[in-house]
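In case you want the letters, here they are:
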Amino acid sequence: MAPLAESLPPAAKPHEPEDHCHDSECDIHDDIDIDSGHTSDNDHHELENTLSRVSSGPPYSVFSKGMIRWIVAMNTVAAFISPITANIYFPAIPTLSHDLGVSASQINLTLTTYMIFQGLAPTIFGEFGDIAGRRPTFIIAFIIYLGANVGLALQRNYAALLVLRMLQSGGSSGTIALVYAVVADIAPSSERGKYMGIVGSGITIGPAVGPVIGGLLNAYLDWPWIFWFLIILTSAWLVPYILTVPETARKVVGNGSVPPQGWNRTLVDYLRFRNQHVSREGQPKQKIPIPNPLNTLKVFRNKNMAMILLYNATLYIGFNTVTATLATQFKAIYGYDDLTLGLLYLPIGGATTIASIGGGFIADWNFRRIAKKIGVKIDRKRGADMANFPVEKARIQIIAPLIFIGAAALIGYGWALERQVSVAVPLVLSFFIGLCVTWPFQIMNLLIVDSNPGAPATATAANNLVRCLLGAGATAAIQPLISAVGRGWAYTLLALLFTLPSPVLWVIVKNGPRWRRERLERLEEEEKRRAEDSEKLEVPLGDAEPRVSGCH
């Protein structure tokens with residue numbers, strides 16, 4: 001556990017933090033020359049506004065480096081729990097089928113329903129986390145998850161297994177949208193890549209180590225211990241989280257300097273603000289918001305987001321179908337036992353870890369490189385005003401070559417299985433699939449958060465919805481496809497699925513900044529109209545409800 005005393009930032013005077021969307025992260029030099037040899041009057045006006053914000057804006061986050069590392073570490077473990085829950089179950093499928101007296105296809109149905117709820121749950125928890133805060137949302141989700149695991153460990157009935165697996169998926173998967181949102185809360189875009197990579201490694205490691213752990217538990221302790229293990233793991237995470245991890249949602253605590261209320265407060269918050277008097281007079285009691293899952297669909301109204309989400313889903317399908325079929329294909333071809341099959345996930349798992357963490361650091365490097373090239377000075381302490389920064393180029397530029405290398409590896413993997421060559425060949429190719437397909441997937445996740453600073457959890461929930469629903473369909477279709485056309489052509493089609501639409505990335509790079517500016521202008525107009533409507537109510541100033549400003 002991080003030393004909490006060293007991690008505590010000094011108590012800050014309560015203030016109304018600036019809107020997350022308008023915090024400045026980049027100092028733009030007066031001599032900037034991007035597209036031509038001169039700047040227009042409008043450009044000079046924009047630069048003056050930016051510079052004025054830089055000089056007076058508050059820091060992006062008041063949390064110390066030690067506390068930020070602790071928050072990121074706890075989020076990495078939280079991100080690990082959902083994917084390991086999905087994949088730790090695989091080695092126990094034959095045993096469960098025998099013990100419950102049902103067919104393997106009926107057990108496989110629990111995988112499909114798990115993935116469906118994996119896509120739906122974040123649409124509820126994501127918006128709830130953006131409004132009510134990350135802490136209460138995490139706690140509610142994991143309490144549901146713990147209850148489902150207790151039931152799964154004790155049940156001996158197929159119907160109970162099916163229902164409780166859906167409940168288990170709803171609890172664990174609801175946190176996926178939150179882990180990336182927390183990174184957006186505490187890290188500006190110039191430093192976000194490395195933290196997103198570290199948190200994303202939890203998501204990518206889970207599918208690799210899950211079957212190994214599940215195979216060991218099933219072989220030596222029987223399948224109920226899979227769920228007891230998940231209970232122990234989650235409890236060991238939940239207790240320190242409740243006690244020490246502070247609220248980060250910017251609509252609740254701003255940049256961390258606004259004292260949280262009620263269920264958003266931790267023991268750490270009590271220590272931080274114990275000597276600070278905060279008047280609560282005139283403020284209404286904290287209300288529990290009712291999330292609307294349909295709000296997640298509003299993300300698709302933005303052209304760049306619709307393209308990003310759909311293309312990112314094709315990358316996920318390419319990677320997920322390999323991990324979902326690896327055990328069955330290697331068992332059919334090479335005849336390995338369940339424990340060995342679990343170990344075969346280590347090459348692709350190691351590659352995804354390298355891609356996630358290494359890709360995050362390289363994303364930050366490329367961000368700084370482009371900023372220097374166009375004359376933008378990075379301010380690491382301020383919030384982000386990315387309206388005029390080509391963030392799409394900074395993110396996508398580094399992944400384009402990897403997509404084609406990953407496609408070549410996937411095609412080679414399919415034909416290696418088709419020809420039943422030495423097991424070393426498909427294992428090496430699986431490493432490159434994990435490296436070159438997962439890397440672009442993680443960078444696209446980063447771009448999703450960059451493009452939605454006001455509601456990152458809702459945007460991530462939309463991403464999760466698309467990838468999981470399409471992934472569930474692909475997982476159900478891959479085995480019939482292999483039976484129909486063979487392994488070689490089946491994996492070739494999967495590679496083409498994310499290679500042929502790749503030109504959409506060029507469209508995003510070219511038009512993304514303009515689409516973001518247009519969206520920001522629409523949001524500002526809507527905010528202005530709401531402010532005018534509020535003024536018509538003629539509410540006395542002293543009775544007005546103070547609130548933390550956020551992106552809308």
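What comes next concerns the included structure. (Residues numbered from 1 in each chain as written. Predicted model: local features only at pLDDT ≥ 70, side-chain atom pairs only at ≥ 80, totals over all residues. Heavy atoms only, no water.)

### Observations regarding a negative patch on the surface
Taken together, Glu521, Glu524, Glu525 and Glu526 make up a surface patch of like negative charges. Turning to its location among the elements, Glu521 is positioned in helix H21 (residues 504-536). When its relative accessible area of 46% is taken as the criterion, Glu521 is described as partly exposed. (Patch = residues over 30% accessible without salt bridge, like charges linked within 9 Å, V, L, I, M, F, W, Y side chains within 5 Å. Areas by Shrake-Rupley, 256 points an atom, 1.4 Å probe, with all protein chains shown as cover. Salt bridge = Lys/Arg side-chain N within 4 Å of Asp/Glu carboxyl O. Lys, Arg positive; Asp, Glu negative; His and termini not counted. Charge placed at Lys NZ, Arg CZ, Asp CG, Glu CD. Helix = DSSP H or I, 4+ residues; strand = E, 2+ residues; numbered from the N terminus. Buried < 20%, exposed > 50% of the residue type's maximum accessible area, 1.4 Å probe, protein only.)

### Quick look at the packing of aromatic side chains
Under the definition given, this model contains 14 aromatic pairs. Where Phe138 meets Tyr241, the ring centres are 5.3 Å apart and the plane angle is 65 degrees; that geometry is what we call edge-to-face. Separated by 103 residues along the polypeptide, Phe138 in helix H6 (residues 134-154) and Tyr241 in helix H10 (residues 224-244) bring together distant segments of the chain. Across the pair, Tyr241 and Phe138 agree in class, each one buried. Geometrically, the ring pair formed by Trp415 and Trp489 is edge-to-face, given 5.5 Å between the ring centres and 80 degrees between the ring planes. (Phe/Tyr/Trp six-rings, centres within 6.5 Å; stacked < 30°, edge-to-face > 60°.)

### A few points about the packing of helix H4 (residues 93-100) against helix H5 (residues 104-132)
The contact between H4 and H5 brings their axes to 9 Å, and the two run at 120 degrees. By the angle between their axes, H4 is oblique relative to H5. In terms of crossing hand, the pair formed by H4 and H5 is right-handed. Counted together, Ile93, Leu96 and Ser97 of H4 and Ala104, Ile107, Asn108 and Leu111 of H5 form the full contact between these two elements. (Axes fitted to C-alpha atoms, helices over the stretch in contact; angles between N-to-C directions. Parallel < 35°, antiparallel > 145°, perpendicular 65-115°, else oblique. Left-handed = near helix turned anticlockwise from the far one by under 90°. Contact = heavy atoms within 4.5 Å.)

### Observations regarding the side chain of Arg192
As for its position among the elements, Arg192 is in helix H9 (residues 189-220). At a separation of 2.9 Å, a polar atom in the side chain of Arg192 contacts the side chain of Asp450. (Polar contact = N/O pair within 3.5 Å; in protein donor to acceptor, adjacent residues only side chain to side chain.)

### Digging into the packing of H6 against helix H7 (residues 158-173)
Close contact between H6 and H7 brings their axes to 7 Å; oriented N to C, the two are set at 155 degrees. Overall, the two elements H6 and H7 adopt an arrangement that is roughly antiparallel. Here H6 runs over H7; the crossing is left-handed. Of the residues in H7, those touching H6 at Ala141, Ile144, Tyr145, Ala148, Asn149, Gly151 and Leu152 are Leu161, Leu164, Arg165, Leu167, Gln168, Gly171 and Ser172. Counted by class, the contact of H6 with H7 contains eight nonpolar, five polar and one charged residues. (Nonpolar A, V, L, I, M, F, W, Y, C, P; charged D, E, K, R; others polar.)

### With respect to helix H13 (residues 303-334)
Helix length check: H13, at 32 residues, gives a terminal C-alpha distance of 46 Å against a target of 46 Å (1.5 Å per residue), a fit within 8%. Across the 32 residues of H13, 23 count as buried, placing the element largely inside the fold. Looking at the residues trailing H13, positive phi occurs at Gly335, about 70 degrees. (Expected span 1.5 Å × (residues − 1).)

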